[in-house]
Amino acid sequence: MIQIKSLSHTITDTPILQDINLELPQGQITALIGPNGAGKSTLLNAIGRQIEVAHGTVTLDGSDITQIAPRDLARQMAVVAQHLAVGSRIRVADLVGFGRWPHSQGRTTPTDQTIIEQAIEEFDLIALRHRFLDELSGGQRQRAFIAMAYAQDTCWLLLDEPLNNLDLKHARTLMAQLRRMVEHAGKSVVIVLHDLNYTLSWADHVVAMCDGKVVFTGPAAQVATAQSLTDLYETPIQISTVEGQVFARYHR
Amino acid sequence: MPSAGFWAKTRTGVGWAYCATLVGLFGLAGTSLFVGVQDLSLRTAFTDPEAFQLLLVSRLPRTLAALLTGASMAVSGVIMQLLVRNRFVEPGTTGTNESAMLGLLAVTLLAPSLPIFAKMLVAALAALVGTFGFMRLARHLPPQQPLLLPLVGLIYAGVLYALATFLAYQTDLIQYIGIWLAGEFSGVIAGRYELLWLAGAVSLVAYIAADQFTLVGLGRGLSLSLGLRYGQVVALGVATVSMVAALVIVTVGTLPFVGLVVPNVVARMMGDNLRQSLPVVAGLGAGLVLACDLLGRVLRAPYEIPAGTIFGVLGAVLFLSLLLGRRPNG
């Protein structure tokens, strides 16, 4: 379980996160939602130790993440960032292979090789494996980075808006893959999502944020109501159930 | 199994690149041993003791010096590019060489009797400070404008160079600046180039950390996510680059474009996975510098043109063609 205690962060005097207290449940998909500039990415990056927070602590199974050795943390938690601008020319297969770095530090074992192969197949990258990252489209590149995090084989997987560049097929496939990882492999996923319908149909747990604060949090089915979402996004949102599926209507 | 095909395929490709590099290097080195003002052939080298002496004292050291200089400068170029995640920089455009020169000038003025090794260390220290200064500047630049960084680097290096020139002018050391900046190998004899072996050794250490540098090139966030000690790897990189710059400057003088062009050519062909490409980067750097030195010996024989001058011309042409042949997103 990840516990966040009185976490605050400022970027050049602008408060981004204000006194966040939160628990992220293990073995579930947790969606971070909220309007632009709510602090979702900053929170995700603070949990993944991508940034040094000014105030507060994040603990993973009881130990402060700043006290865990980087390599040990990397074997428990993988982060896929939002902006994946890449200047280097790395082949897709090599990038996915770097997911095994925390485990084998470059001396790839046959087990590593099997996991790398599995990740490449799982994320539909077989045809792209020899290509350089700078020759791929945004969505293909995104899949390569997610495959790398998958190969890292950690208990926790943190994803910042992974659906951004993905087409319908790959977006839906990714969510189904995450669901499978949670249910069959006991993984925990924290994901920043903008599409409410994906949140409603795939997430177990929701953390709603606005202006650097947590507005509401809890099991998705209970807390993500028409009223709470309307208030959160300051936009009329209706929720309806069609053939057992929950839908959010907000586009007109 | 698909993996078998893949590894076989890339391994052969990489294998060919290694073979071609090795064959090219041996060919060039062999030629270099027997080209010069004094006649020396394979037959006389081993029958005439004086010719053998020439081989040992002059030709072999000169060849080795060119190879070591080229290899280590190309390696430090690629490391610099990965550290700041920009293809258009090299230690000559980030103030590294200029601050090494400043350090060398200072130590020449203040403690002229120090041994060359100590002077080199002072120069390396100054280069370290200068390079970190550049990287501090680089952090404030928008990453979406890749051409801004080399421009700022050129200005930064220009300021440091002006400072060095002023200092040298005031103290009558101006001719040193010329020597340090125009890399050439005509003065290399046994006993006056051995520091370059250290540059080679430093590059070898860089090869051990090849994966780490590749990861740093993929960005800070990704490095941290994979548990890399980012700060340490950056420090190792800057130390490598600074050491090489100082060593090359105190022995033969720096050559323009080596660290810029060679990594770009290799990245275009083999990508940036240093574990695979670093041997080719080093080999191509070594080969090109030796080829330029060879050309310099033949073009106006019995006079010589500095290798740095020839590489300046060749490098400019290569760099322009790389720049113009660049894909819009690359």
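On a predicted model such as this, the values are computed, not experimentally measured, just so you know.

So, how was this worked out
- Residues numbered from 1 in each chain as written.
- Chains lettered and ligands numbered in written order.
- Predicted model: local features only at pLDDT ≥ 70, side-chain atom pairs only at ≥ 80, totals over all residues.
- Heavy atoms only, no water.
- UniProt positions renumbered as here; feature names shortened; annotations may be inferred.
- Helix = DSSP H or I, 4+ residues; strand = E, 2+ residues; numbered from the N terminus.
- Contact = heavy atoms within 4.5 Å.
- Buried area = accessible area lost by both parts, 1.4 Å probe.
- Salt bridge = Lys/Arg side-chain N within 4 Å of Asp/Glu carboxyl O.
- Polar contact = N/O pair within 3.5 Å; in protein donor to acceptor, adjacent residues only side chain to side chain.
- Nonpolar A, V, L, I, M, F, W, Y, C, P; charged D, E, K, R; others polar.
- Expected span 1.5 Å × (residues − 1).
- Buried < 20%, exposed > 50% of the residue type's maximum accessible area, 1.4 Å probe, protein only.
- Pairing = 2+ DSSP bridges.
- Axes fitted to C-alpha atoms, helices over the stretch in contact; angles between N-to-C directions.

Novice: Account for the UniProt feature "transmembrane region" (unreviewed entry) in chain B, naming residues and giving values.
Specialist: Residue and element names in this part refer to chain B. UniProt tags residues 15-37, 64-84, 104-135, 147-167, 195-213, 233-266, 278-299 and 305-325 as "transmembrane region" (unreviewed entry). The span residues 15-37 is 83% helix and 0% strand, and its two end C-alpha atoms sit 37 Å from each other. Span residues 233-266 is 82% helix and 0% strand, its end C-alpha atoms 22 Å apart.

Novice: Go over the interface of chain A and chain B, please, and point to the residues and values.
Specialist: With 34 residues of chain A in contact, the opposing surface of chain B contributes 34 residues. Taking both partners together, chain A and chain B bury about 2700 Å²; carbon and sulfur atoms supply 55% of that area. Of all residues in chain A, Arg89, Phe98 and Trp101 of chain A bury the most surface against chain B, accounting for 24% of the area lost on that side. Where chain A meets chain B, there are 0 salt bridges. Between the two partners, chain A and chain B, sit 9 residue pairs in polar contact (both at pLDDT 80 or more). Take the side of chain A that touches chain B: its biggest share by element is 4 residues, from helix α3 (residues 92-98) of chain A. Residues that form the side of chain A that touches chain B fall into these classes: 18 nonpolar, 8 polar and 8 charged.

Novice: Outline helix α7 (residues 168-185) of chain A, listing residues and values.
Specialist: Residues and elements named next belong to chain A. Helix length check: α7, at 18 residues, gives a terminal C-alpha distance of 25 Å against a target of 26 Å (1.5 Å per residue), a fit within 8%. Among all positions of α7, only His170, Ala171, Leu174, Met175, Gln177, Leu178, Arg179, Met181 and Val182 are buried. Trailing α7 by a residue or two, glycine 186 shows a phi angle of about 70 degrees, which is positive.

Novice: Describe the sheet that holds strand β7 (residues 156-160) of chain A, with residues and values.
Specialist: Residues and elements named next belong to chain A. Spatial strand order, β6-β7-β8-β3-β9-β10: 6 strands in an open sheet with mixed pairing. Edge strands, defined here as strands with exactly one partner in the open sheet, are β6 (77-80) and β10 (213-219). Ignoring which end each strand starts from, the neighbouring axes of this sheet average 15 degrees apart. In terms of strand pairing, β7 meets strand β8 (residues 188-192) through 5 bridges, oriented parallel. Bridge assignment links leucine 159 to a residue of β8, and that residue is isoleucine 191. Together, β6 and β7 form the strand contacts of helix α6 (residues 138-152), whose direction differs from that of β6 by roughly 180 degrees. Each of β3 (29-33), β9 (205-210) and β10 is contacted by helix α10 (residues 226-233), which is oriented at about 155 degrees to β10, the strand it contacts most.

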